[in-house]
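Breakdown of the fold
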Amino acid sequence: MFDPSTLAVPVVGAPMAGGPSTPALTAAISEAGGFGMLAGAYLSPDALRDQLAAVRALTDAPFGVNLFVPEEIPLDADAFARFRDLLLPLAHARGADLPSAPAYTDDAFETKVDVLLEEDVTAVSFTFGAPAPEVYAAFTGFDIATITTVTTAAEARVALDAGTSALCAQGFEAGGHRSTFGITDRDAQVGVRELVTAVTGLGVPVIASGGVSGVDDVRTLLAAGAAAVQVGTLFLRTPEAGTRPAHRAALADPRFTETATTRAYSGRLARALVNEYVRTFSAAAPPVYPQINALTGPLRRAAADDPEVINLWAGTGWRGARAISAADVVAALDPAR
Ligand SMILES: Cc1cc2nc3c(=O)[nH]c(=O)nc-3n(C[C@H](O)[C@H](O)[C@H](O)COP(=O)(O)O)c2cc1C
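Quantities reported herein were computed from a predicted structural model and do not represent experimental measurements.

What follows covers unusual backbone geometry. Cis rather than trans, the peptide bond between Tyr-289 and Pro-290 has omega equal to 10°. Relative to the assigned elements, Pro-290 resides in the loop between helix H10 (276-281) and helix H11 (291-302). For Ala-108, which is not glycine, the phi torsion reads 55° and is therefore positive. Inspection of the secondary structure puts Ala-108 in the loop between helix H3 (77-93) and helix H4 (109-119). A positive phi angle, close to 80°, is found at Phe-128, a residue other than glycine. For Phe-128, the location among the structural elements is in the loop between strand S4 (123-127) and helix H5 (133-141).

So this is what it looks like as structure tokens:
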């Protein structure tokens, strides 16, 4: 079974759903001696199958796939409607129609699990929760590693009890969505180093994740007990990533000076560069997921070129992101160099 401590370079390429993850990025990271992760979220099962084939056409090296674990909670229709009303003037100014009652979706989780079992991937990682023990057992039965992304020691215990074979310790510094298990959970805001220390020694390998800006951070996290380090933001400006041009440019734009976590794009907390949209709408955004994600979709598409509106996911180490190849990012993060 895949063991992150045996990688030639102890760097895992974070899955980055919504565009940045591509088969080319996943393959390039694995080819360079790290471990590439495809983002399975938001893809249809057929599109996921196509992406797996595309990675395999580019490399024989092992790689993994990430899925979002669904959680259906009663829809807070009033909170949803209030937030929609707040967004309408901006949406209309951009020519976007906002859906008034988006349906719940589980992102085809079970079908995608079946795809990954059939396709015999090397590792699967879970975000937003721990699936049922039967899901872990099914992967383990095929010798497929299961990596559960946790933000607290309590979540790590839940994942271990359910049968996970590894943990991804996601610190508060991380770019993109927080993997808090409950949609309405308060974020415990545990930093990556403290979290790695707390979940190391529980009998499974730990992949540290969040805020890496260079090789010194990799060294620090390995010294804290991590078997490898999962890095996302530093790959966003590579040519292999599918990052939108406005997002790519914003990561190098001195006008953006900080990141913050916000529910304003999806209803779940995620870390982004602070732009006008984050400043204006974060305080009012309710914990309603995935319906808020569907609500803001048309606005984000209509304003795709405007960095003051779109979600500029970024971790606290974003200033370390460079426009170089993915292989060069992996090499620059190699503590043995
Ligand atoms: C653009 C972007 C998209 C992300 N999408 C996912 C995802 O689909 N699944 C997931 O588990 N984590 C996702 N993450 C979080 C990463 O797994 C990881 O925790 C994070 O990138 C680490 O922090 P860093 O960005 O500071 O390196 C995403 C992060 C970014 C920046």
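Its domain assignment divides the protein into domain 1 (4-70 + 105-241 + 321-332) and domain 2 (75-104 + 257-311). For domain 1 and domain 2, the distance between their C-alpha centroids amounts to 26 Å. If you look at the interface, domain 1 gives 20 residues, while domain 2 gives 13 residues. Buried surface at the junction of domain 1 and domain 2, summed over both partners, amounts to about 1,400 Å²; 50% is from carbon and sulfur atoms. When the buried area of domain 1 at its contact with domain 2 is split by residue, Thr-105, His-177 and Ile-183 rank highest and sum to 43% of it. At the boundary of domain 1 with domain 2, the tally comes to 0 salt bridges. Counting the contacts that link domain 1 with domain 2 gives 7 residue pairs in polar contact (both at pLDDT 80 or more). In terms of residue class, the side of domain 1 that touches domain 2 is made up of 8 nonpolar, 7 polar and 5 charged.

The subject of this paragraph is the packing of aromatic side chains. As enumerated under the stated definition, the model contains 11 aromatic pairs in all. Each ring, one from Phe-109 and one from Phe-126, has its centre 6.3 Å from the other, and the planes form 55°; the classification is tilted. You can see Phe-109 sitting in helix H4 and its partner Phe-126 sitting in strand S4, a full 17 residues away along the chain. Accessibility expressed as a relative area gives 8% for Phe-109, which makes it buried. Residue Phe-126 is classed as buried on the basis of its relative accessible area of 0%. Both rings, one in Phe-128 and one in Tyr-289, keep their centres 5.6 Å apart while their planes meet at 70°; by these two values the pair is edge-to-face.

Attention now goes to a negative patch on the surface. Residues Glu-72, Asp-106, Glu-110 and Asp-114 make up a contiguous surface patch of negative charge. With respect to the helices, strands and loops of the structure, Glu-72 is situated in the loop between strand S3 (63-68) and H3. Glu-72 gets classed as exposed once you look at its relative accessible area, which sits at 58%.

Attention now moves to the site of the ligand. Taken together, 22 residues lie around the ligand, and Asn-66, Thr-127, Ser-209, Gly-211 and Thr-233 are the ones closest in. Measuring from a nitrogen atom of the ligand, one finds a backbone N or O atom of Pro-15 at 3.3 Å. Within the side chain of Ser-209, a nitrogen or oxygen atom sits 2.9 Å from an oxygen atom of the ligand. Alone, the ligand offers 590 Å² of accessible surface; in the complex the protein occludes 98% of this. Listing elements by their share of the shell around the ligand, those giving two or more residues are S3 and strand S9 (228-231).

About the criteria used
- Residues numbered from 1 in each chain as written.
- Predicted model: local features only at pLDDT ≥ 70, side-chain atom pairs only at ≥ 80, totals over all residues.
- Heavy atoms only, no water.
- Helix = DSSP H or I, 4+ residues; strand = E, 2+ residues; numbered from the N terminus.
- Domains from an automatic or database assignment.
- Contact = heavy atoms within 4.5 Å.
- Buried area = accessible area lost by both parts, 1.4 Å probe.
- Salt bridge = Lys/Arg side-chain N within 4 Å of Asp/Glu carboxyl O.
- Polar contact = N/O pair within 3.5 Å; in protein donor to acceptor, adjacent residues only side chain to side chain.
- Nonpolar A, V, L, I, M, F, W, Y, C, P; charged D, E, K, R; others polar.
- Phe/Tyr/Trp six-rings, centres within 6.5 Å; stacked < 30°, edge-to-face > 60°.
- Buried < 20%, exposed > 50% of the residue type's maximum accessible area, 1.4 Å probe, protein only.
- Patch = residues over 30% accessible without salt bridge, like charges linked within 9 Å, V, L, I, M, F, W, Y side chains within 5 Å.
- Areas by Shrake-Rupley, 256 points an atom, 1.4 Å probe, with all protein chains shown as cover.
- Lys, Arg positive; Asp, Glu negative; His and termini not counted.
- Charge placed at Lys NZ, Arg CZ, Asp CG, Glu CD.
- Near = heavy atom within 4 Å.

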